[in-house]
Each structure stands twice: as C-alpha cells, then as structure tokens.
Amino acid sequence: MKGAASVERIVPYRRPPPGSQPEYLHPSYASSVRRAPTRPLVLLPHTLSEVTGPVFGHADVGPADQDLTARHAGEPLGERIVVTGRVLDEGGRPVPHTLVEVWQANAAGRYRHVNDGHPAPLDPNFDGCGRALTDAEGRYRFVTIRPGAYPWKNHPNAWRPSHVHFSLFGPAFTTRLVTQMYFPGDPLLPFDPIFNCTADAAARARLVSAFDWEHTVPGHALGFRFDVVLRGRDATPMER
Ligand SMILES: [Fe+2]
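Residues numbered from 1 in each chain as written. Predicted model: local features only at pLDDT ≥ 70, side-chain atom pairs only at ≥ 80, totals over all residues. Heavy atoms only, no water.

1. What to know about the overall build of the protein chain
On a plain count of helices and strands, the protein chain comes out with 4 helices and 11 strands. In terms of overall dimensions, the protein chain is globule-like: its C-alpha atoms have a radius of gyration of 20 Å, near the 18 Å expected for 240 residues. The C-alpha extent of the protein chain, read off along each of the three principal axes, is 70 × 45 × 35 Å. Contacts in the protein chain between residues at least 24 apart in sequence constitute 69% of all its contacts with a sequence separation of at least 6. Of the roughly 14000 Å² of accessible surface on the protein chain, 59% is carried by carbon and sulfur atoms. Looking at charge distribution, the protein chain has the averaged site of its 26 positive side-chain charges lying 6 Å from that of its 24 negative ones. (Helix = DSSP H or I, 4+ residues; strand = E, 2+ residues; numbered from the N terminus. Rg over C-alpha atoms; globule rule 2.2 N^0.38 Å. Contact = heavy atoms within 4.5 Å. Areas by Shrake-Rupley, 256 points an atom, 1.4 Å probe, with all protein chains shown as cover. Lys, Arg positive; Asp, Glu negative; His and termini not counted. Charge placed at Lys NZ, Arg CZ, Asp CG, Glu CD.)

Shown next as structure tokens:
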C-alpha cells in the first residue's frame, strides 16, 4: 500500500499541447521530409559531460558581444534595432544566467557564411553573430540591424521572412533550445513553411516579436521585444 501511495504522488511531465510545437515532418518544408525520423526515437542516457557543461561566466561573455553594430571601424548598413526580452520558465519566473546566442543575415539578406550563395552584398561592418547572458531578471539585450529577407530553394520563388536565429543554453548541453524570432507585420510570414511548421496559430504568434517604444532608443534604434518561454502551456515553439 505504501508503494501504491507514492506512485499516486507522481506528477507527470506535461507534454506540449498538440500543434504548439513544430512537427518533425512538415511536407511543405522540404528539408523536414529528408531529416524527419521514420522510426520511434531512442532515448540515450545522459553522461556526466552532458549534464555538467558548458559553464559560462560573465568574464567569457562581455558587453561587446551584445552589440552587433560596433565590431568594426564603420557602422553596418541598415535599420538599427534593439532586440530585448526575458527568458522565462513555465510559471513566468525569470531564468537567469542563460547563454543567449543570435545569428542573422545582414540588411541585404546575406549571411557571412561560405554556404550563402545569395547574390546580395556582404557588409564589411557586420558579422551577424552575438551572445549575451541573461541577468537576474532573465533579461537579455542586443543592438543589431534589421535583417533582410532572402530567397531559398524550398520551392519556386521562396523567400524567408526577416528573422533572427536564437540558441539558448541552460546549465548543460542537453538543455540547448533553438528557435527563430520574426518581426510583426511581415508580409512573408503566411507563406513561410518554417514559420508554419507550428500548426497552432497562437503558438506561432509567440515567435513574432513586438514593437516596443519602451526599448526604442530615441534617434538611434527601434526596439523589439521577444520573450522566450522554455516550456509549459505558453512555451515558445522550438526547432526539433
Ligand atoms: Fe536564417
């Protein structure tokens, strides 16, 4: 009887509501057809290295890492923006000391990457990568430029909406989460297979940042707010 009572106390992990996270297989997103698992997933046991690292200190990530516009002698071209928000748990509590990494295309829609063949100009004053640690209130903040839309080969005349890639690391490699932030009012959003991998419209909306006067810097940069909820009913859709 004692054993039965303890079993009753187990609170099961609440799985995401159906449609609130991207499916592995989303046929209109061509790459998902090739990489979606065709067999049940195999759970691998964690090892010590996976649950104890990486460890980042404030000495490793400095203020210069948060300003993508101040890496070079000149200013990057494009519309300067502030992207800021909070990392929150399922109860709305801040998650401090989380490594937030971002990467993005430049204002012309070109990545500084060997695999980017889009014939748009590179910007010698823009690398497109940044990182920050969340503070005690779970806040992060980047200064960057608004990325341009770019074409891709998913289907004829396919264009990705403007977006910023996000990676979040908690205290271990196994806690890494990856997602993308979009901009409000982007006319390409309804046509983007990656954005639409998440079936539920309310969940998809959590991928779209909000224009924010509070974080707009007068005469300098428009502000956009993007909170990331790690799990629970209001979880941000994450790439799988
Ligand atoms: Fe991208």
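There's more to say after this.
2. Description of the coordination of the iron ion
Here the iron ion is held by Y111 (OH), Y150 (OH), H163 (NE2) and H165 (NE2), and the distances to it run 1.9 to 2.2 Å. Taken together, the 4 donor atoms coordinating the iron ion and their angles of 91 to 162° define a geometry best described as irregular. (Donors = N, O, S within 2.8 Å, 3.2 Å for Na, K, Ca; no water. Tetrahedral: all angles 85-135°; square planar, octahedral: opposite > 155°, others 65-115°.)

3. Describing the nonpolar core
The nonpolar side chains of soluble globular proteins are, as a tendency, buried together. The biggest cluster of nonpolar side chains holds 21 residues, and the ones touching the most others in it are V100, Y140, F142, F166 and M181. For this core, the secondary-structure elements that each account for two or more residues are strand 1 (80–88), strand 2 (99–103), strand 4 (139–145) and strand 7 (163–169). Those residues within four positions of F166 in sequence are excluded, and the remaining contacts are V83, V100, E101, V102, W103, Y140, L177, V178, T179, M181 and F226. Core analysis: the second largest hydrophobic core is formed by 9 residues, Y29, Y182, I194 and C197 among them. (Core = buried A, V, L, I, M, F, W, Y, C linked by side-chain atoms within 4.5 Å. Buried < 20%, exposed > 50% of the residue type's maximum accessible area, 1.4 Å probe, protein only.)

4. Focus: the pattern of salt bridges
The full count for this structure, using the stated rule, is 10 salt bridges. The partner of R80 in a salt bridge is E75, with the nearest N and O atoms 3.4 Å apart. Using a relative accessible area of 23% as the deciding quantity, one classes R80 as partly exposed. (Salt bridge = Lys/Arg side-chain N within 4 Å of Asp/Glu carboxyl O.)

5. Some details on the layout of surface pockets
Taken as a whole, the largest pocket encloses approximately 1100 Å³ of empty space. Contributing to the lining of the largest pocket are 35 residues, with Y29, Y150, W152, R160 and I194 lying nearest its centre. Looking at the lining of the largest pocket, the elements that each hand over two or more residues are helix 2 (30–35), strand 5 (150–152) and strand 8 (177–182). Partitioning the lining of the largest pocket into residue classes produces 17 nonpolar, 11 polar and 7 charged. (1 Å grid on protein atoms, 1.4 Å probe; cavity = no way out; pocket = protein on both sides within 12 Å on 5 of 7 lines; lining within 4 Å. Points joined across faces, edges and corners; volume = space filled by probe spheres on them. Nonpolar A, V, L, I, M, F, W, Y, C, P; charged D, E, K, R; others polar.)

6. Side note on a nonpolar patch on the surface
On the surface, a nonpolar cluster with roughly 370 Å² of combined accessible area is contributed by Y24, L25, V33 and L41. Tracing the sequence through the fold places L41 in the loop between helix 2 and helix 3 (48–52). (Patch = residues over 30% accessible without salt bridge, like charges linked within 9 Å, V, L, I, M, F, W, Y side chains within 5 Å.)

7. Comments concerning empty space enclosed by the protein
Scanning the entire structure with this criterion turns up 1 cavity of 30 Å³ or more. Its volume calculated, the largest cavity comes out at about 40 Å³. In this structure, the largest cavity is lined by Q104, N106, R110, Y111, R112, L122, D123, F126 and D127. Residue composition of the lining of the largest cavity, grouped by class: 3 nonpolar, 2 polar and 4 charged.

8. What about unusual backbone geometry?
Of note, the phi angle at H97 is positive, near 55°, even though the residue is not glycine. Within the secondary structure, H97 sits in the loop between strand 1 and strand 2. Of note in the backbone geometry, N157 takes a positive phi value of approximately 60° without being a glycine. Along the chain, the position of N157 falls in the loop between strand 5 and strand 6 (158–160).

9. A closer look at the pairing of strand 10 (residues 222–225)
Strand residues, when the strand is regular, have side chains that alternate between the two faces of the sheet. Summarising the sheet, strand 1 and strand 10 pair through 4 bridges and their orientation is parallel. Residue pairing for strand 10: I81 is matched across the bridge by L222. Here strand 9 (residues 210–211) pairs with strand 10 via 2 bridges, running antiparallel. When the bridges of strand 10 are listed, A210 appears paired with R225. (Pairing = 2+ DSSP bridges.)

10. A word on the sheet that holds strand 3 (residues 129–133)
With antiparallel pairing, the 4 strands of this open sheet are ordered in space as 3-2-7-8. Looking at strand neighbours, the two that pair on one side only are strand 3 and strand 8, the edges of this open sheet. Within this sheet the neighbouring strands show an average axis-to-axis angle of 25°, counted without direction. Summarising the sheet, strand 2 and strand 7 pair through 5 bridges and their orientation is antiparallel. Bridge assignment links W103 to a residue of strand 7, and that residue is H165. (Axes fitted to C-alpha atoms, helices over the stretch in contact; angles between N-to-C directions.)

What is shown is where atoms sit, not what they do.
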